[in-house]
Amino acid sequence: MNRKLIAIDLDGTTLNNQARLSQKTIDTIGRASKAGHIVSIVTGRPNRISQCIYDQLHLETPMINFNGGLGHLPHRYWSKEYQHTFSRDIVFEILRNRSSLGVEMIAAEGKNLFLAQQDHPVAVGFFPTNLKSTEILNTRTLTTNPTSLTIAVRQDRQRALIQYINDQFGEFVDVAPWGGPNSVVEIGVKGIQKAVGVDFLAHHYGIERENVLAFGDEHNDNEMIEYAGWGVAMANATDHLKGLANDVTPETNDEDGLADYLTTYLKLAE
């Protein structure tokens, strides 16, 4: 079998429902790497909460964060590292209008950036409930352009917020709601999504598109699954993603679906 570039989403795909790696998944990805395949994490998560998973998987490949916004080699300098950013003025404008927009929490992030503002503690996954004094977002502390802006918004105001961002800044950024129960929207650079990161990796390694294997479960995986020569949706994926994929895993992320699929597809000896 030709060497594959294997792009793996994290939440709902590689991680189980407790957001953890099973030992079976760790072992299987290790066998895939040992067999000569390239396994890379391609996630919407920021690097601050995905490098621990990267380390558990014993990876040495570049990692893609912020849905394609950042490509880097964790823990080391890499001359090919990239980061897409948008103007911090967009953040400041949303901050000025946060009350009328129904914003409950707003966080600006990048590779070495995390700043947030909230009027009261908001329990949203991936973000601290209580902020340190050095993590407060305002016009003085945000001195660089961010890669991602995440906003927790009142449910009844989410659609209006998305419309506002599209109307005011749609030329520069894309905005999309998260899947799941939280009323959260995420802003990134216009046209940047996971497929951009996977394409970057494919060119870096000289892998033809037909030898790209990608796994995902949510709407932010759509372009990556379509880009891949063989796109695989998890059994727990959205119906739309399943419709885009070449195949669907028999088992869910909570049943080691990715590990079992890789073992069969790559003919990995257990």
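Everything that follows concerns the structure shown earlier in this document.
Here goes a summary of the coordinates provided.

What counts, and at which threshold
Residues numbered from 1 in each chain as written. Predicted model: local features only at pLDDT ≥ 70, side-chain atom pairs only at ≥ 80, totals over all residues. Heavy atoms only, no water. Helix = DSSP H or I, 4+ residues; strand = E, 2+ residues; numbered from the N terminus. Rg over C-alpha atoms; globule rule 2.2 N^0.38 Å. Buried < 20%, exposed > 50% of the residue type's maximum accessible area, 1.4 Å probe, protein only. Contact = heavy atoms within 4.5 Å. Areas by Shrake-Rupley, 256 points an atom, 1.4 Å probe, with all protein chains shown as cover. Lys, Arg positive; Asp, Glu negative; His and termini not counted. Charge placed at Lys NZ, Arg CZ, Asp CG, Glu CD. Core = buried A, V, L, I, M, F, W, Y, C linked by side-chain atoms within 4.5 Å. Pairing = 2+ DSSP bridges. Axes fitted to C-alpha atoms, helices over the stretch in contact; angles between N-to-C directions. Polar contact = N/O pair within 3.5 Å; in protein donor to acceptor, adjacent residues only side chain to side chain. Parallel < 35°, antiparallel > 145°, perpendicular 65-115°, else oblique. Left-handed = near helix turned anticlockwise from the far one by under 90°. Nonpolar A, V, L, I, M, F, W, Y, C, P; charged D, E, K, R; others polar.

Bringing the overall build of the protein into the picture now. Regarding its fold elements, the protein presents 10 helices and 13 strands. Scaling as 2.2 N^0.38, a compact globule of 270 residues should have a C-alpha radius of gyration of about 18 Å, and the protein matches this with 19 Å. If you line up the protein on its principal axes, its C-alpha atoms span 55 × 40 × 35 Å. Looking at the protein as a whole, 53% of its 270 residues are labelled buried. Excluding contacts between residues fewer than 6 apart, the proportion of contacts in the protein whose partners are at least 24 apart in sequence is 57%. Carbon and sulfur atoms form 46% of the exposed surface of the protein, whose accessible area is close to 12300 Å². The distance from the centre of the 24 positive side-chain charges to the centre of the 33 negative ones in the protein is 5 Å.

Core analysis: the largest hydrophobic core is formed by 27 residues, its most contacted members being Ile94, Leu149, Ile151, Ile165 and Ile187. Broken down by secondary-structure element, the contributors of at least two residues to this core are helix H4 (88-96), strand S6 (103-110), strand S7 (113-118), strand S8 (148-153), helix H6 (158-169), strand S9 (173-177) and strand S10 (184-189). Core analysis: the next-biggest nonpolar cluster, separate from the first, contains 26 residues, Ile8, Ala32, Ile53 and Trp78 among them.

Within a sheet, each strand pairs with its neighbour through backbone hydrogen bonds, oriented either parallel or antiparallel. Ordered in space as S3-S4-S5, the 3 strands form an open sheet in which the pairing is antiparallel. Strands at the two margins of the open sheet, each flanked by one partner only, are strand S3 (63-65) and strand S5 (82-83).

Here strand S2 (residues 38-41) shows a buried face lined by Ile38 and Ser40 and a second buried face lined by Val39 and Ile41. Across 4 bridges, the pairing between strand S1 (residues 5-8) and S2 is parallel. Residue pairing across strands places Ala7 opposite Ser40, the latter belonging to S2.

On to the sheet that holds S10. In spatial order, the strands read S7-S6-S8-S10-S9; together these 5 strands make up an open sheet with antiparallel pairing. With one partner strand each, in any of the chains shown, S7 and S9 form the two edges of the open sheet. Adjacent strand axes in the sheet meet at a mean angle of 15 degrees when their direction is disregarded. Sheet topology places S8 next to S10; 5 bridges connect them, and they run antiparallel.

Turning next to the pairing of S8. Taking burial as the measure, the 6 residues of S8 include 6 buried ones, the bulk of the element. What you see with S8 is no split at all: Ser148, Thr150 and Ala152 on one side and Leu149, Ile151 and Val153 on the other are buried throughout. Here 6 bridges tie S6 to S8, and the two strands are oriented antiparallel to one another. Pairing of Val103 across the sheet is with Val153, part of S8.

It is worth spelling out the side chain of Ser50 at this point. Tracing the backbone through its elements, the reader meets Ser50 in the loop between S2 and helix H3 (51-56). According to the relative accessible area criterion, Ser50 is buried, its value standing at 0%. For Ser50, the side chain forms a polar contact with the main-chain oxygen of Pro46, separated by 3.0 Å. Once residues lying within four places of it in the same chain are set aside, the contact partners of Ser50 are Leu10, Thr43, Arg45, Met63 and Asn65.

Turning next to the packing of H4 against H6. Where H4 contacts H6, the axes come no closer than 12 Å and their chain directions differ by 135 degrees. It follows from the interaxial angle that H4 and H6 lie oblique. Here H4 and H6 pass one another in a crossing that is right-handed. Judged by residue contacts, Ile90, Glu93 and Ile94 of H4 engage Tyr164, Ile165 and Phe169 from H6. Per-class residue counts for the contact of H4 with H6 are 5 nonpolar, no polar and 1 charged.

The next point concerns H4. Every buried residue belonging to H4 is among Ile90, Val91, Phe92, Ile94 and Leu95, and all of these are buried. A distance of 3.1 Å separates the backbone nitrogen of Asp89 from a side-chain oxygen at the start of H4, and that oxygen is part of Ser87.

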